[in-house]
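# Architecture and fold: a report
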Amino acid sequence: MKLTTNTQVSVDGVMQANGGRDEDLDPGMERGGWARPLFDDESMAFVNEAYQRADAFLFGRRTYELFAKSWGTGSWGADQGDNPISNALNSRPKYVASTTLNDPQWADTTVLSGDLADAVSELKAKPGGELQVHGSGTLVRWLLENDLVDEMTLLVVPVVLGQGTRLFPDRGPDIALDLVDFRADSKGVTIQVFRPAGSPQYPAA
């Protein structure tokens, strides 16, 4: 399977609390819910289609708990009619990278608590199309550091938040990227699909 990451980020690189405020999962984050008002039908169609392409999902613990609450075991539950996101999440395997999650309640969930690099490599070696990572910033940063990402989709929302956790740290790996796809919707959301392409080239001193 191809490991793909899918991340909504602000112009200043924030990925935290894109869908809404949740004091339990994002204490102190006062500007949650910044992405959804700026998504038009074209962007939502892209997101829905992406979920439908997934053969399996890989999450960090915090994102898994948020998704379980919203789409699986929480108040919304799994019965959301023909919602393409709900249908995909509830009908395909889910894997969670966590050393603290012991008893996941969402059906078809496997916790990866051992050697994560080996576990992810084994998942990627399975037949299929896409192993998708949504949100899960800490996990995405780790996957990039360990050269395990095959494709990265950034949905850049035209807003500067000035608060929140950013996707890329102040210090991290340097990665050259090949642009695979690009589009912009009517509200200014840009969808950029990249493939890692080794190390960037720097001019000689």
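Everything numeric here is computed off the predicted structure, so don't read it as measured data. Each chain has its residues counted from 1, running along the sequence as written. Whole-chain, interface and lining totals are the exception, using all residues; otherwise, since this is a predicted model, local features are given only for residues with pLDDT of at least 70 and side-chain atom pairs are given and counted only at 80 or more. Remark: hydrogens and water are excluded; side-chain values derive from all non-hydrogen atoms of the structure.

## Remarks on the side chain of Gln192
- Within the secondary structure layout, Gln192 lies in strand 8 (residues 190-196).
- Here the term buried applies to any residue with accessible area under 20% of the maximum for its type, exposed to any over 50%, and partly exposed to those in between, with areas from a 1.4 Å probe on protein chains only. Judged by its relative accessible area of 18%, Gln192 falls in the buried class.
- Pairs of N or O atoms are called polar contacts if they sit within 3.5 Å, as long as, within protein, a hydrogen donor faces a hydrogen acceptor (for residues adjacent in sequence, only side-chain-to-side-chain pairs). For Gln192, the side chain forms a polar contact with the side chain of Thr190, separated by 3.0 Å.
- Every residue in contact with Gln192, bar those within four places of it in the chain, is listed here: Met152, Thr153, Leu154, Val156, Leu179, Asp181 and Phe182. Only DSSP runs of H or I covering at least 4 residues are called helices, and only runs of E covering at least 2 are called strands; the numbering of each starts at the N terminus. Here, residues are in contact when the closest pair of their heavy atoms is within 4.5 Å.

## Considering the pattern of salt bridges
- Salt bridges are defined by distance alone: a side-chain nitrogen of Lys or Arg within 4 Å of a carboxyl oxygen of Asp or Glu. The tally for this structure, following the rule as stated, stands at eight salt bridges.
- Arg166 is paired through a salt bridge with Asp12; the nearest N and O atoms lie 3.4 Å apart. On the criterion of sequence distance, the pair formed by Arg166 in the loop between strand 6 (151-157) and strand 7 (177-184) and Asp12 in the loop between strand 1 (2-10) and helix 1 (41-53) is long-range, its members being 154 residues apart.
- Between Arg183 and Asp181 there is a salt bridge; the shortest N-O distance is 2.8 Å.
- Residue Arg183 is classed as partly exposed on the basis of its relative accessible area, which comes to 30%.

## Focus on the pairing of strand 8
- With five of seven residues buried, strand 8 is to be regarded as a mostly interior element.
- Only when DSSP finds a minimum of two bridges between them are two strands counted as paired. The sheet contact formed by strand 6 and strand 8 spans five bridges and is antiparallel. Looking at strand 8, one finds that Thr153 is bridged to Val193.
- Note that strand 7 and strand 8 share seven bridges and pair antiparallel. Its bridge partner being in strand 8, Leu177 is matched across the sheet by Pro196.

## With respect to the sheet that holds strand 8
- In space, the eight strands of this open sheet follow the order 4-3-2-5-1-6-8-7, with mixed pairing throughout. If you trace the sheet from one side to the other, it starts and ends with strand 4 (109-112) and strand 7, each paired once. In this sheet, neighbouring strand axes are inclined to one another by 25° on average, regardless of whether the strands run parallel or antiparallel.
- Examined bridge by bridge, strand 2 (residues 54-60) and strand 3 (residues 94-97) share four bridges and lie parallel to one another. The residue of strand 3 that forms the bridge with Gly60 is Ala97.
- A fitted line through C-alpha atoms serves as each axis, taken over the contacting stretch for helices, and the angle formed by two N-to-C directions is quoted from 0 to 180°. Most of the contacts of helix 4 (residues 116-124) go to strand 4, to which it runs at about 140°, and overall it touches strand 1, strand 2, strand 3, strand 4 and strand 5 (130-134).
- Against the sheet, helix 5 (residues 137-145) contacts strand 1, strand 2, strand 3, strand 5 and strand 6, and its axis sits at roughly 105° relative to strand 2.

## Observations regarding the packing of helix 1 against helix 3 (residues 84-91)
- Close contact between helix 1 and helix 3 brings their axes to 9 Å; oriented N to C, the two are set at 20°. In terms of orientation, helix 1 lies roughly parallel with respect to helix 3. The handedness of the crossing between helix 1 and helix 3 is left-handed. Packed against helix 1, whose contacting residues are Val47, Asn48, Tyr51 and Gln52, the element helix 3 presents Pro84, Ile85, Ala88 and Leu89 at the interface. Any angle that is under 35 degrees is reported as roughly parallel, and any over 145 degrees as roughly antiparallel; angles of 65 to 115 degrees are reported as roughly perpendicular and all others as oblique. Less than a right angle of anticlockwise turn of the near helix away from the far helix marks a crossing as left-handed, whereas a clockwise turn marks it as right-handed.

## Notes on helix 3
- Within helix 3, burial applies to Ile85, Ser86, Ala88 and Leu89. Down the axis of helix 3, the buried side of the element spans an arc of 165°, and every buried residue falls inside it.
- Tucked inside the fold, the buried residues of helix 3 contact helix 1, strand 2, helix 2 (61-72) and strand 3. The arc in question is formed by the directions pointing from the helix axis toward the C-beta atoms.

## A closer look at the packing of aromatic side chains
- Side-chain rings of Phe, Tyr and Trp (the six-membered ring for Trp) are treated as a pair once their centres are within 6.5 Å; stacked means planes under 30 degrees apart, edge-to-face means over 60, and tilted covers the remaining angles. According to the stated counting rule, one finds five aromatic pairs in the structure shown.
- Between Tyr51 and Phe57 the ring centres are 5.9 Å apart and the planes differ by 40°, which places this aromatic pair in the tilted class.
- Classification of Tyr51 by relative accessible area gives buried; the value is 7%.
- Centroid distance Phe59 to Phe67: 5.1 Å. Interplanar angle 55°. Geometry classified as tilted. For the pair shown, Phe59 and Phe67 are each scored as buried.

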